[in-house]
Amino acid sequence: MTRQKTLHCGPGAISCGLMRIPKSLRRNYRHSPGYYSFIFTSIIKMGRQKTPDLYRAPFPLYTVRVHRDTGLVITAGGGGAVKTGIKNGVHFLRLECVGGHVTASLAHSFDTDTHPTMNMELGADVIAAGQDANCCLLRFKEVTSKEEPNKESPAKKGAANNQGPRKRKPGGSHSGATESNGGKTLKDTTTQIAVEKLQEVQTDFSSEGLQKALRFSSDLSLLVTGGADGHIRVWEYPTMTKKLDFKAHEGEIEDLDISPNKKELVTVGRDFTCYVWKNDQLVTGLHWNENLPGIPDKMYRYQACRFGRVEDNKEALRLYTIQVPNKRDRKPPPCYITKWDGRTFLPLLTQTCGNEVISCLAISDYGTFLGLGTVTGSVAIYISFSLQRLYYVKEAHGIVVTDLAFIPETKSSRQLIGENEAVMLSVAVDSRCKLHSLPNRRSFPIWFVLLICALMIVASVLFLQYAFPGFI
């Protein structure tokens, strides 16, 4: 008789035949099409390697972010409070481009005890991490160790010289110790990462005890959190004084985002609604299907939302939302992306994005590209202008893609992006962090296209003149 293996995948996991599914993820996707068949086939899928691993953690990964200034990749997750032997932590990765290939190395590992980090945001050098029902603030910084040489008295120095050559300790020059070489002092200048816990506040008061989403304002003056109790809480940062607390949705909050000017807050709930708020006042509710009469209101629910800039128009603003089927079906209906005017909140364009249920959404620096992850482990990149798919890897991960992050388009990251238009990271419950590169699309200047057209016309005329003398 074959023995079944159980994979421990996170907090509150329950046994589902061949593997364990995190409680929070099970709650998020239990109504998704093909969810239960997905559970029983996940182990097989985890063996498929569509794209190489950039990094593999010793625990399930739930979130990933890239620090703009240092280029550090910060990813986190864990096995939860259950005694499964899987730790909880935050890992700091350094990316390097070696021979045209991007590699990752672990720079620092921070243990979060029994609290897995399910979501996080970066505010300069501070990580706001959602751990169970709390938001924990962690400050990190890169430090260079500079050890001072040992100062010995002249008597001891002379005594040491009289004893002949001193034996070198094992690993002397490679262990980071300071040595004297020909009168010159050699110091260890290895860059290390130091992490300190600043503060912790409770952000969810439901029986589930789970913070679902959080976002910093663009000027880092506010931190907004949403949890399983349906409440939005606005905190003054960095004092973490509560500024607002109001009931935004009946049930869990799936996602939220703040407009760049801090005037509007968009929230997504599991109650089929997506709302726009100013402070704690409701401005409007979004209706993505009002121009699609064949789709009833309760057939789809909102899954994610993100504001994005328009690259060639600084005054314009866009909002992107993801709609997924609410109930599973033998023949799953498609998911949808909707692009909204970020000022008037009127729908501009809606496109289908496949039959795989979308689990997460990310947007690039300049709002040019959208990244999508699915429940079945696939990853895709869409262009925001027309919502057309440019990149797709089926089942890049063997299980739910939990988070995505684009490499920021900064000078320090230019080498990592290389000749690609965009580079994106994805993490999943399979403990893997993968890198996805969108190659440059070939394009030609308009003058070159016009020149080719003119040459084709001339060639056609000459051919007709040769084939039919007297044609002109």
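Here the structure is a predicted model, which is why all the values come from computation and not from measurement.

Counted by the stated rule, this structure contains eight aromatic pairs. Here Tyr 300 and Tyr 336 contribute two aromatic rings whose centre-to-centre distance is 5.4 Å and whose plane-to-plane angle is 75°, an arrangement assigned as edge-to-face. Of the two residues, Tyr 300 is situated in strand S22 (residues 300-310) and Tyr 336 in strand S24 (residues 336-341); the sequence distance between them amounts to 36 residues. Tyr 336 shares its class with Tyr 300; the two are buried. Aromatic side chains Phe 307 and Phe 345 sit 6.5 Å apart centroid to centroid with 75° between the ring planes, which places their arrangement in the edge-to-face category. Taken together, the residues Phe 307 in strand S22 and Phe 345 in the loop between S24 and strand S25 (347-352) connect sequence positions 38 residues apart.

Next up on the list: the UniProt feature "transmembrane region" (unreviewed entry) in the protein chain. Within the UniProt annotation, "transmembrane region" (unreviewed entry) is assigned to residues 366-385 and 444-468. The span residues 366-385 is 0% helix and 55% strand, and its two end C-alpha atoms sit 12 Å from each other.

Let us now look at unusual backbone geometry. In the segment running from Tyr 237 into Pro 238, the intervening peptide bond is cis, with an omega of 15°. By the element assignment, Pro 238 lies in the loop between strand S16 (231-236) and strand S17 (241-247). With a phi close to 60°, Leu 220 is a non-glycine residue in the positive phi region. Inspection of the secondary structure assignment puts Leu 220 in the loop between strand S14 (211-216) and strand S15 (222-227). For Ser 431, which is not glycine, the phi torsion reads 75° and is therefore positive. Locating Ser 431 in the fold gives a position in the loop between strand S31 (420-428) and strand S32 (432-439).

Now for the state of the cysteines. By the definition in use, this model includes zero disulfides. You can see Cys 305 has no disulfide; the closest cysteine sulfur is in Cys 274, sitting 5.5 Å from it. Relative accessible area serves as the criterion here: at 0%, Cys 305 is assigned to the buried category.

Taking strand neighbours across the sheet as the criterion, the four strands line up as S14-S15-S16-S17 in an open arrangement whose pairing is antiparallel. Single-partner strands in this sheet number two, and they are S14 and S17. If you compare each strand with its neighbour and ignore which way they point, the axes differ by 20° on average. Direction of pairing for S15 relative to S16: antiparallel, over a ladder of five bridges. Looking at the pairing, Leu 223 lines up with Trp 235 of S16.

Judged by nonpolar contacts, the single largest core of 23 residues is most densely connected at Ile 322, Ile 337, Cys 353, Ile 358, Leu 370, Leu 372 and Tyr 382. Contributions of two or more residues to this core are made by strand S23 (313-325), strand S26 (358-363), strand S27 (369-374) and strand S28 (379-383). Apart from residues lying up to four places away in sequence, Ile 322 is in contact with Arg 301, Tyr 302, Gln 303, Ala 304, Tyr 336, Ile 337, Ile 358, Leu 361 and Leu 372. Ala 57, Leu 61, Val 64 and Val 427 belong to the second-largest nonpolar core, a separate cluster that totals 19 residues.

To continue, consider the pattern of salt bridges. One pass over the structure, following the stated rule, counts 19 salt bridges. Between Asp 365 and Arg 68 there is a salt bridge, with its nearest N and O atoms 2.6 Å apart. Of this pair, Asp 365 sits in the loop between S26 and S27 while Arg 68 sits in the loop between strand S4 (61-66) and strand S5 (73-78), and the two are 297 residues apart along the sequence. Under the relative-accessibility criterion, Arg 68 is labelled partly exposed at 41%. Here Arg 233 makes a salt bridge to Asp 245, at a shortest N to O gap of 3.1 Å. Separated by 12 residues along the polypeptide, Arg 233 in strand S16 and Asp 245 in strand S17 bring together distant segments of the chain. Given the relative accessible area of 35%, Asp 245 is considered partly exposed. Bridged by salt links that share partners, the residues Arg 65, Glu 121, Arg 215, Asp 257 and Asp 403 form one connected network.

Turning our eyes to something else, we now look at the environment of Arg 270. Residue position: Arg 270 is located in the loop between strand S19 (265-269) and strand S20 (274-278). In this structure Arg 270 comes out as buried when scored by relative accessible area, which is 15%.

Alignment of strand S9 (residues 126-131) against strand S10 (residues 134-144), held across six bridges, turns out to be antiparallel. Bridge assignment links Val 126 to a residue of S10, and that residue is Arg 139. Two successive antiparallel strands, S9 and S10, enclose a turn made up of two residues, where Asp 132 displays a positive phi of approximately 60°. Pairing analysis gives 11 bridges linking S10 to strand S13 (residues 191-202), with the strands arranged antiparallel. Bridge pairing links Thr 144 to Thr 191 in S13.

Here we take up the UniProt feature "repeat: WD" (unreviewed entry) in the protein chain. In the numbering used here, UniProt assigns the feature "repeat: WD" (unreviewed entry) to residues 213-236 and 246-278. Secondary structure across residues 213-236 divides into 0% helix and 67% strand, with the first and last C-alpha atoms of the span separated by 17 Å. The straight-line gap between the two end C-alpha atoms of residues 246-278 is 12 Å; of that span, 0% is helix and 55% is strand.

On to the confidence of the model for the protein chain. When pLDDT is averaged along the protein chain, the result is 83; 78% of the residues meet or exceed 70. Within the protein chain, the element-level pLDDT minimum falls on strand S1 (residues 14-16), averaging 35, and the maximum on S27, averaging 98. Counted against residues more than four places away or in other chains, residues 1-20, with its pLDDT under 50, gives 57 contacts. Within the model, the stretch residues 30-49 combines pLDDT values under 50 with 47 contacts to residues more than four positions away or in other chains.

It is worth spelling out the pairing of S19 at this point. Burial of S19 is extensive: five of the five residues sit out of reach of the surface. The pairing of strand S18 (residues 253-258) with S19 spans five bridges and is antiparallel. Paired with Ile 253 across the strands is Gly 269, a residue of S19. In this structure, the hairpin formed by S18 and S19 is closed by a connection of six residues, where Lys 262 is found at a positive phi of approximately 65°. Counted between consecutive antiparallel strands, the loop separating S19 from S20 contains four residues, among which Phe 272 sits at a positive phi close to 70°.

Conventions and cut-offs
- Residues numbered from 1 in each chain as written.
- Predicted model: local features only at pLDDT ≥ 70, side-chain atom pairs only at ≥ 80, totals over all residues.
- Heavy atoms only, no water.
- Phe/Tyr/Trp six-rings, centres within 6.5 Å; stacked < 30°, edge-to-face > 60°.
- Helix = DSSP H or I, 4+ residues; strand = E, 2+ residues; numbered from the N terminus.
- Buried < 20%, exposed > 50% of the residue type's maximum accessible area, 1.4 Å probe, protein only.
- UniProt positions renumbered as here; feature names shortened; annotations may be inferred.
- Disulfide = S-S within 2.5 Å.
- Pairing = 2+ DSSP bridges.
- Axes fitted to C-alpha atoms, helices over the stretch in contact; angles between N-to-C directions.
- Core = buried A, V, L, I, M, F, W, Y, C linked by side-chain atoms within 4.5 Å.
- Contact = heavy atoms within 4.5 Å.
- Salt bridge = Lys/Arg side-chain N within 4 Å of Asp/Glu carboxyl O.
- pLDDT = per-residue confidence, 0-100.

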